[in-house]
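Fold and contact review
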Amino acid sequence: MLKPNVVLGLFKMMNAPIIKIKPIIKHHGLFICLVSIFCLIVLIIISQFIWVQARLPLMFLISFSAVMLFLGICKLMEPKYSLLLTPTLCRYQHKKGHWQLPWHAIKAISTVTNTRGIDLEQLAYVGVSLHNIDTLIANITPRLANQLIHEQKPLLAYCLSAGLINQQQATLNFEWYTSCKGEKLFGPIAGFLHQCHVLDAALGAHLFIAQINIDRSIEECVELLKRCKSSSEKPSD
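Below or above, wherever it landed, is the structure these notes cover. (Residues numbered from 1 in each chain as written. Predicted model: local features only at pLDDT ≥ 70, side-chain atom pairs only at ≥ 80, totals over all residues. Heavy atoms only, no water.)

Things to note about the pattern of salt bridges
- Throughout the structure, instances matching the rule amount to two salt bridges.
- Across the salt bridge formed by Arg116 and Glu121, the nearest N and O atoms sit 3.4 Å from each other.
- In this structure, Asp215 and Arg216 form a salt bridge, with 2.8 Å as the shortest nitrogen-oxygen distance.
- The partly exposed category is assigned to Arg216, whose relative accessible area is 29%. (Salt bridge = Lys/Arg side-chain N within 4 Å of Asp/Glu carboxyl O. Buried < 20%, exposed > 50% of the residue type's maximum accessible area, 1.4 Å probe, protein only.)

If you want it as C-alpha cells, here you go:
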C-alpha cells in the first residue's frame, strides 16, 4: 500500500491539483499528548511526597492522564488527510488503509437521511453511491474493508431500529461474494461488499464517510465532492 506522502508526491509529479481534507478526529492530538505527559510527570513527582496521604486521588489522576495520553497517540496515528480529491479520482485514507475511486465510477454523493414517521433524520455521514459495487474489489485494501465492517455497526443498528433491515441483514455476512464477472471472493472484502449491498438498499449509499473524518460540515463536504465530480465530467479545453 502506498503511503499518503508517496501518493501526494505522485499527484504532484502529474501536476494534478489536489484538494486535501483533514479529519477533525486528528485535531489537538499533539496538544493532548504534551499536556498528558506534563501531568504524568508532575503527578509522579508529587506522589513521591504525599502518596500515603492521597493515594486514591493520585491513582485516579495518573490513570486519567495515561488514558488521555493514549487518546492523544491514537489521534496522532490518524492520517494527516482523510480525503484527497484530484481531477480524476477521490481517495479516502484511513489508518487501516484506503479506498480510491475514479469520479466516473461514482453515481451520486449525498447526505444520508431517513424519514421516520413525519421526521426527517439526517445521519452524520456523507453517502457515496457507485454505478457498480464491484469497482471496489480492486480499489479497497483488505485491512480497511475489515475495519469498515466494524465501524459501520452503528449504521446497521440504526437501520435495524428504524425497520429498514431485518436481524439477518444486520448480521455480518462472510459468505462467498460473486461479482458481476463471476469472480468469487472470500474474506473481509467479500464481507464488506455484502454489507455495502445491505446499506445501499436501506440508505441509498454504498460508502459512508463519517463526519469525524472531515474538517467541515456534511453539507459543505457533499457540495465540494459534487463539484469535483461535475468538473471531472466536463471536457477539457
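Section: the nonpolar core
- Counting 37 residues, the largest nonpolar core has Leu83, Leu85, Trp99, Val126, Leu136, Ile140 and Phe192 as the members making the most contacts within it.
- If you tally residues by element for this core, the top one is helix α8 (residues 218-233), at six residues. (Core = buried A, V, L, I, M, F, W, Y, C linked by side-chain atoms within 4.5 Å. Helix = DSSP H or I, 4+ residues; strand = E, 2+ residues; numbered from the N terminus.)

Some points on helix α3 (residues 55-77)
- For α3, which comprises 23 residues, the first-to-last C-alpha distance of 33 Å matches the rise-based estimate of 33 Å (1.5 Å per residue) to within 8%.
- The complete set of buried residues in α3 reads Leu58, Ser65, Leu69, Gly72 and Lys75.
- Contact partners of the buried residues in α3: α2 (29-50). (Expected span 1.5 Å × (residues − 1). Contact = heavy atoms within 4.5 Å.)

Some words on the pairing of strand β6 (residues 119-130)
- Relative to β6, strand β5 (residues 106-116) runs antiparallel, the two being bridged by ten bridges. What sits directly across from Ala108, in β6, is Ser129.
- Counting the residues between successive antiparallel strands, the hairpin from β5 to β6 contains two residues, one of them, Gly117, with a positive phi of roughly 70°.
- With four bridges joining them, β6 and strand β9 (residues 207-210) adopt antiparallel strand pairing. Paired with Val126 across the bridge in β9 is Ile209. (Pairing = 2+ DSSP bridges.)

So, the side chain of Asn114
- Topologically, Asn114 is positioned in strand β5.
- Of note is the side chain of Asn114, whose polar atom sits 3.1 Å from the side chain of Tyr158.
- Setting aside residues up to four positions removed in sequence, Asn114 forms contacts with Asp119, Leu120, Glu121, Tyr158, Ala162 and Leu164. (Polar contact = N/O pair within 3.5 Å; in protein donor to acceptor, adjacent residues only side chain to side chain.)

Focus on the environment of Cys228
- Tracing the backbone shows Cys228 in helix α8.
- Taking the relative accessible area as the measure of exposure, Cys228 reaches 12% and is therefore buried.
- Through-space distance from the C-alpha of Cys228 to that of Leu85 is 7.5 Å; in sequence the pair is 143 residues apart.
- Not counting residues within four places of it along the chain, the set of residues in contact with Cys228 comprises Ile19, Leu85 and Trp103.

Considering the side chain of His206
- Turning to its location among the elements, His206 is positioned in the loop between α7 (188-203) and β9.
- Residue classification places His206 among the buried residues on the basis of a relative accessible area of 6%.
- At 3.3 Å, the side chain of His206 and the side chain of Asp200 are in polar contact.
- In this structure His206 touches Val128, Ser129, Leu130, Ile133, Cys196 and Asp200, once residues within four positions along its chain are discounted.

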